[in-house]
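Each chain is listed here by its residues.
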Amino acid sequence: LPTPRLMPLRGAGGLDGVLVSARQPCLVVMCNGLMRVHPWKLDRGEGVRSSARFHSPQCEDGVVCIADKGRATTKGMLKICSIPAGVRVDTPWPMRCKLVKETVHHIAFHAPTGCIVAVVSSPAEMNEDRKEGALEG
């Protein structure tokens, strides 16, 4: 991609900002007087050649883009993307709150799988057999 291209979002996914089409695409939004820049990761680490707003019954307020690996070829793949509902971008990284209805004790990131792991507990009734032997060594 010779030069980055800017596409105003104008409310796509409920966001006001700019999508930068480049080898390493990113989303630039202004929230609470602060500029936030978030990388826009595609499936296989692809760059974005160009993009446009897209709206259909299956993908409301989405973005359609031509993604490529940045090689000197004219081949590209058309991708239809949407910003998931409930994602907040006014923080240093995009986040979504998830109600777990449990007591969270620890949260850790497992880098090899890209998963966030939470250690939780919840109150449960203990049957009579376990209550008697619980304090015995």
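Residues numbered from 1 in each chain as written. Predicted model: local features only at pLDDT ≥ 70, side-chain atom pairs only at ≥ 80, totals over all residues. Heavy atoms only, no water.

### Notes on the sheet that holds strand E2 (residues 17–21)
Thinking step 1. Taken together, the four strands give an open sheet; going across it, the order is E1-E2-E3-E4, and neighbouring strands pair in antiparallel fashion. Each of the sheet's edge strands pairs with one partner strand only, and the pair in question is strand E1 (5–8) and strand E4 (34–39). Pairs of neighbouring strands in the sheet enclose a mean axial angle of 20°, with direction left out of account. (Pairing = 2+ DSSP bridges. Helix = DSSP H or I, 4+ residues; strand = E, 2+ residues; numbered from the N terminus. Axes fitted to C-alpha atoms, helices over the stretch in contact; angles between N-to-C directions.)

### Quick word on the sheet that holds strand E5 (residues 47–54)
Thinking step 1. Strand order in the open sheet formed by three strands is E5-E6-E7, and the pairing between neighbours is antiparallel. Of all the strands in the sheet, the pair left with one neighbour each is E5 and strand E7 (77–81). Along the sheet, successive strands turn relative to each other by an average axial angle of 25°, direction set aside.
Thinking step 2. Where E5 and strand E6 (residues 62–68) come together, seven bridges link them in antiparallel fashion.

### With respect to the nonpolar core
Thinking step 1. Leu 9, Leu 19, Leu 27, Trp 40, Leu 42 and Val 63 are the most contacted members of the largest nonpolar core, which has 15 residues in total.
Thinking step 2. Those elements that provide at least two residues to this core are strand E3 (26–31) and E6.
Thinking step 3. Those residues in contact with Leu 42 that sit more than four places away from it in its chain are Gly 47, Val 48, Ala 67 and Cys 81. (Core = buried A, V, L, I, M, F, W, Y, C linked by side-chain atoms within 4.5 Å. Buried < 20%, exposed > 50% of the residue type's maximum accessible area, 1.4 Å probe, protein only. Contact = heavy atoms within 4.5 Å.)

### Observations regarding the side chain of Lys 79
Thinking step 1. Note on placement: Lys 79 falls in strand E7.
Thinking step 2. Classification of Lys 79 by relative accessible area gives buried; the value is 9%.
Thinking step 3. Residues within four places of Lys 79 in sequence aside, it is in contact with Asp 43, Glu 46, Val 63, Val 64, Cys 65 and Ala 67.

### Description of a nonpolar patch on the surface
Thinking step 1. Together, Val 100, Val 104, Ile 107, Phe 109, Ile 116 and Val 120 give the surface a local cluster of nonpolar side chains, amounting to about 590 Å² of exposed area.
Thinking step 2. Those elements giving two or more residues to the nonpolar patch turn out to be strand E8 (103–110) and strand E9 (115–121).
Thinking step 3. Per-element accounting of the nonpolar patch gives the leading share, three residues, to E8. (Patch = residues over 30% accessible without salt bridge, like charges linked within 9 Å, V, L, I, M, F, W, Y side chains within 5 Å. Areas by Shrake-Rupley, 256 points an atom, 1.4 Å probe, with all protein chains shown as cover. Salt bridge = Lys/Arg side-chain N within 4 Å of Asp/Glu carboxyl O.)

### Brief notes about the pattern of salt bridges
Close approach of charged atoms allows side chains with opposite charge to pair.
Thinking step 1. With the rule as written, the count across this model stands at one salt bridge.
Thinking step 2. Between Asp 68 and Arg 49 there is a salt bridge; the shortest N-O distance is 2.5 Å. Here Arg 49 lies in strand E5 and Asp 68 lies in strand E6, a separation of 19 residues in the sequence.
Thinking step 3. The buried category is assigned to Asp 68, whose relative accessible area is 7%.

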